[in-house]
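One-letter residues, chain by chain:
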Amino acid sequence: MKKKDEQNLFILSIIVAIIYGIFKIIKTALLAVLDFLNYIKKPAIIFLITVLTIYIIYEIFLYLYFKSKKFKGIKNSIKQHIINCNELNNYTEELKYSYLNLEYSEVGESQMIDNSKYSFKRKEWNNNKSKQTFHCSATICKNANNNPIKYLCKYFNIQKNEQSLSDFENVLNNFTSIEQGKSLLKKERERILKSISKSVPDIISLFSEKRLISELGFEKINFSNSYIPIFTFEYVSAGGNSSTKCEIKLDIENLNKLLNYLNSIIKWRKSIAGQRALMTSPLREKIKKRDNYRCCNCNLGIVDEKNLLLEIDHIIPVSKGGLTTEKNLQTLCWKCNRKKGTKIITVYNTV
Ligand SMILES: [Zn+2]
């Protein structure tokens, strides 16, 4: 019994010691806070408290507004437009993979290229993993800078044949759709926001536009162009003290140049020579203009939908022997183009 009493007394004294310690810590902390408040003076305290109160009230107001029937009504009234925007957003994201789908056996891979496997995934796009590096001499690096397209083809082994040309035409088509799609999406989102601006309190449009966009259901648009492949020529001296780099971005401008370059050196078969056009940006614009900026399938035009994404399509797909000739090209809206897939639509009327 005596031993148990001693044990209890011991535990009790430990508890008392702990409580005493905690109180001491709290007392010190409180004194420190009081000291601090005293240090920053009353007006500053009042200012801090006011700002904090306003912030909390505003956050509560936002929460209640976005849960309100009125906001749900606004959201409902533009639901279809938001769905359309999100669909286009997903479509442009999907197109970013088009470059990966290229048959690289056709384009070829040089043994001298480092890391030339195109296996990066979506989340890595933003990390600029679409870089291919070729370690070379200082002279090659310098020459590549003076003549980027020629050296790109030579050292990254891009074949100078019809297949390669057609593959890069396809990449240009898709990259153009991505860029135009992003810009049209932004405009369409602005148009939708403007259409509801009178119903939404000004304070929200002014201070919480991002939150408003997300609460309305818009998916985030990825404006980054890190999906564009970058080819790098890099020279590093043996000691590592000297290094030069030449980066070639395969963007729309360079893709156009690449097409022109490939076209200028490919020896066309006689039957095709003279028939085939080059699907560069100017030709795409020409076809759109010829078709009055209307989809040749559903007849929807930019007159009806200001921010409509129009694409250029091969009536008979290249995979089925169709050529890039003006006769075999038509304007399609992105939805019809996506639906078409490999199906052949024969609605084209000759001009
Ligand atoms: Zn259409």
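Please read these numbers as outputs of a predicted model, since none were measured by experiment.

**Let's talk about the overall build of the protein chain**
When helices and strands are counted, the protein chain shows 13 helices and five strands. For the protein chain, with 351 residues in total, the buried portion stands at 21%.

**Description of the pairing of strand β4 (residues 310–314)**
Burial runs high along β4: five of the five residues are buried. Burial of β4 is two-sided: the residues Leu 310, Ile 312 and His 314 facing one way and the residues Glu 311 and Asp 313 facing the other way are all buried. Pairing of β4 with strand β5 (residues 329–333) involves five bridges; the strand directions are antiparallel. Residue pairing across strands places Leu 310 opposite Cys 333, the latter belonging to β5.

**Looking at helix α11 (residues 252–265)**
Under the 1.5 Å per step criterion, the end-to-end length of α11 is 20 Å for 14 residues, consistent within 8% with the ideal 20 Å. Looking only at α11, the buried set comprises Leu 255, Leu 258, Leu 259, Tyr 261 and Leu 262. The arc that holds the buried residues of α11, viewed along the axis, is 165°, so those residues lie on one side. Looking at α11, the residues exposed on the side facing more than 90 degrees away from the buried face are Glu 253, Asn 260 and Ser 264. Turning to α11, the residues buried within the fold contact α7 (148–155) and α8 (162–196).

**With respect to the environment of Asn 173**
Within the element layout of this structure, Asn 173 appears in helix α8. Look at Asn 173 and you get buried, because 21 C-beta atoms sit within 10 Å. C-alpha separation for the pair Asn 173 and Leu 95, spaced 78 residues apart in sequence, amounts to 9.7 Å. Leave out the neighbours within four places in its chain, and Asn 173 touches Met 279, Glu 311 and Ile 312.

**Observations regarding unusual backbone geometry**
Of note, the phi angle at Asn 157 is positive, near 50°, even though the residue is not glycine. With respect to the secondary-structure elements, Asn 157 resides in the loop between α7 and α8. Backbone geometry places Tyr 293, a non-glycine residue, at a positive phi of 50°.

**Structural notes on helix α3 (residues 79–95)**
Between its first and last C-alpha, α3 extends 25 Å over 17 residues, near the 24 Å set by a 1.5 Å rise per residue. For α3, the secondary structure elements touched by its buried residues are α8 and α13 (334–340).

**A look at the nonpolar core**
One finds Phe 168, Leu 172, Phe 233, Leu 255 and Leu 259 to be the most contacted residues of the largest nonpolar core, which totals 28 residues. Mapped onto this core, the elements with two or more residues apiece are α6 (138–146), α7, α8, β2 (230–236), β3 (243–249) and α11. It is α8 that provides the largest number of residues to this core, a total of six residues. If near-sequence neighbours (up to four positions away) are discounted, Leu 255 is found in contact with Phe 168, Val 171, Leu 172, Phe 175 and Leu 250.

**Quick notes on the environment of Ser 166**
Relative to the elements of secondary structure, Ser 166 occurs in helix α8. Given 20 C-beta atoms within 10 Å, Ser 166 falls into the buried group. Residues Ser 166 and Ser 319, spaced 153 residues apart in sequence, show a C-alpha to C-alpha distance of 9.8 Å.

**Regarding the confidence of the model for the protein chain**
The share of residues in the protein chain with pLDDT of 70 or more is 84%, and the mean pLDDT across the chain is 82. No element of the protein chain has a lower mean pLDDT than helix α5 (residues 122–125), at 36, and none a higher one than β5, at 95. Here residues 103–129 is modelled with pLDDT under 50, and outside its nearest four sequence neighbours on either side it reaches 40 contacts, counting other chains as well. Low pLDDT (under 50) marks residues 342–351, which in the prediction has 13 contacts with non-local residues, meaning those over four places away or in another chain.

**Focus: the packing of α8 against α11**
In contact at an axis separation of 10 Å, α8 and α11 are set at 160° when each is read in the N-to-C sense. Accordingly, the angle class assigned to the pair α8 and α11 is roughly antiparallel. Handedness of the α8/α11 crossing: left-handed. Note on element contacts: α11 touches α8 through Ile 252, Leu 255, Asn 256, Leu 258, Leu 259, Leu 262 and Asn 263, opposite Ser 164, Leu 165, Phe 168, Glu 169, Val 171, Leu 172, Phe 175, Thr 176 and Glu 179.

**Let's talk about the pairing of β5**
Along β5, five of the five residues are buried, which leaves the element largely enclosed by surrounding structure. Residues of β5 alternate between two faces, with Leu 329, Thr 331 and Cys 333 on one and Gln 330 and Leu 332 on the opposite face, all of them buried.

**Some points on the packing of α3 against α8**
Two elements in contact, α3 and α8, have axes whose closest approach is 9 Å; the angle formed by their N-to-C orientations is 160°. Taken together, the axes of α3 and α8 lie roughly antiparallel to each other. Of the two possible hands of crossing, α3 and α8 adopt the one that is left-handed. Contacts between α3 and α8 involve His 81, Cys 85, Leu 88, Asn 89, Tyr 91, Thr 92 and Leu 95 from the former and Asn 174, Ser 177, Ile 178, Gly 181, Lys 182, Leu 185, Glu 188, Arg 189 and Ile 192 from the latter.

Procedures and definitions
- Residues numbered from 1 in each chain as written.
- Predicted model: local features only at pLDDT ≥ 70, side-chain atom pairs only at ≥ 80, totals over all residues.
- Helix = DSSP H or I, 4+ residues; strand = E, 2+ residues; numbered from the N terminus.
- Buried ≥ 20, exposed ≤ 12 C-beta atoms within 10 Å, placed from the backbone.
- Pairing = 2+ DSSP bridges.
- Expected span 1.5 Å × (residues − 1).
- Arc of directions from axis to C-beta.
- Contact = placed C-beta atoms within 7 Å.
- Core = buried A, V, L, I, M, F, W, Y, C linked by C-beta atoms within 7 Å.
- pLDDT = per-residue confidence, 0-100.
- Axes fitted to C-alpha atoms, helices over the stretch in contact; angles between N-to-C directions.
- Parallel < 35°, antiparallel > 145°, perpendicular 65-115°, else oblique.
- Left-handed = near helix turned anticlockwise from the far one by under 90°.

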